[in-house]
Amino acid sequence: MATIDTGSGHAKRSVNSELPLVPFIDFLLCLVAFLLVTAVWSQMARLESTAEVPGEVSTPTEPLKRLHVRMKNDSFELVWKQGETVLATSQVPRRAEKRADGSVRYPELAERLAAEWNAHGDHRATSDRKQDLAVLHATNAEPFGELAAVMDAVHSPTRALGSESVAAFNVSFAAN
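None of the values given here were measured: they were computed from a predicted structure.

Rules and cut-offs
Residues numbered from 1 in each chain as written. Predicted model: local features only at pLDDT ≥ 70, side-chain atom pairs only at ≥ 80, totals over all residues. Heavy atoms only, no water. Salt bridge = Lys/Arg side-chain N within 4 Å of Asp/Glu carboxyl O. Helix = DSSP H or I, 4+ residues; strand = E, 2+ residues; numbered from the N terminus. Buried < 20%, exposed > 50% of the residue type's maximum accessible area, 1.4 Å probe, protein only. Core = buried A, V, L, I, M, F, W, Y, C linked by side-chain atoms within 4.5 Å. Contact = heavy atoms within 4.5 Å. Pairing = 2+ DSSP bridges. Axes fitted to C-alpha atoms, helices over the stretch in contact; angles between N-to-C directions. Left-handed = near helix turned anticlockwise from the far one by under 90°. Nonpolar A, V, L, I, M, F, W, Y, C, P; charged D, E, K, R; others polar.

It is not clear to me how the pattern of salt bridges should be interpreted in this structure. Could you clarify?
For side chains bearing opposite charge, pairing can occur when the charged atoms are close. Following the criterion strictly, the structure yields eight salt bridges and no others. Ionic pairing is found between Glu-146 and Arg-94, a salt bridge with its closest N-O pair at 3.2 Å. Of this pair, Glu-146 sits in helix α3 (residues 144–155) while Arg-94 is found in the loop between β5 (85–93) and β6 (97–98), placing the two residues 52 residues apart along the sequence. Here the two residues Glu-146 and Arg-94 agree in accessibility, since each one is buried. Note that Arg-95 and Glu-108 form a salt bridge whose closest N and O atoms lie 3.4 Å from each other.

What's the story with the nonpolar core in this structure? I'm lost.
Nonpolar side chains in soluble globular proteins generally cluster together in the buried interior. Among the nonpolar cores identified, the biggest contains 24 residues, and Leu-109, Leu-113, Val-150 and Phe-169 are the most heavily contacted of them. Taken together, the elements giving at least two residues each to this core come down to β3 (65–71), β4 (75–82), β5, α2 (107–120), β8 (132–137) and α3. The leading source of residues in this core is α3, at five residues. Every residue in contact with Phe-169, bar those within four places of it in the chain, is listed here: Leu-67, Trp-80, Leu-113, Trp-117, Gln-131, Asp-132, Leu-133, Ala-134, Val-154, His-155 and Pro-157.

Please explain the sheet that holds β3 as it appears in this structure.
Picture the strands of a sheet paired through backbone hydrogen bonds; they go either parallel or antiparallel. Taking strand neighbours across the sheet as the criterion, the five strands line up as β5-β4-β3-β8-β11 in an open arrangement whose pairing is mixed. Either end of the sheet is taken by a strand with one partner, and the two such strands are β5 and β11 (169–173). Averaged over all pairs of adjacent strands, the angle between their axes in this sheet comes to 25°, without regard to strand direction. Sheet topology note: the β3/β8 ladder contains five bridges and is parallel. If you follow Arg-66 over to β8, its bridge partner there is Leu-133. Across the face of the sheet, α2 comes into contact with β3, β4, β5, β8 and β11 while running at roughly 15° to β4. Against the sheet, α3 contacts β3, β4, β8 and β11, and its axis sits at roughly 150° relative to β11.

Teacher, can you tell me more about the packing of α2 against α3 here?
Packing of α2 against α3 leaves a shortest axis separation of 8 Å and a crossing angle of 35°. The handedness of the crossing between α2 and α3 comes out as right-handed. Note on element contacts: α3 touches α2 through Val-150, Ala-153 and Val-154, opposite Leu-109, Ala-110 and Leu-113. Each residue belonging to the contact of α2 with α3 can be placed in one class, and the counts come to six nonpolar, no polar and no charged.

Set out below in structure tokens:
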């Protein structure tokens, strides 16, 4: 252990004391490791967001075109909107395909989504890194397996991005 020698004093008590440096160094190493790990995870957990804040005035841009997928009891409603303007609407019957492992798939929905993206999708260029946005509207009573199957169907249409293939849609949930 390390000690601090203050010299030989004439006091009745000894003023020399021991400092436990090894546990202190261990604590500092753990703290540094923790801070390094959290710094890496905080970089990975970022979400893209935009906000209009005071500053330079920009020209107003037209609203983005979005595909809204509504889960109904017997069908899916696919609505392309640009702002509040409805551009196109279609219906797909809600017929689930059950697999051997118990999961559910919607192949008709996946085929229709691919056709809808080919007809109305904006981001097609191989150099365009953005994806078209699909907003999923579902009730709180929908089972997780059904939601996962619909999200899989929405992710099934793909497009080329450089030399790789990526999903054509980025899925977001609607707030009810």
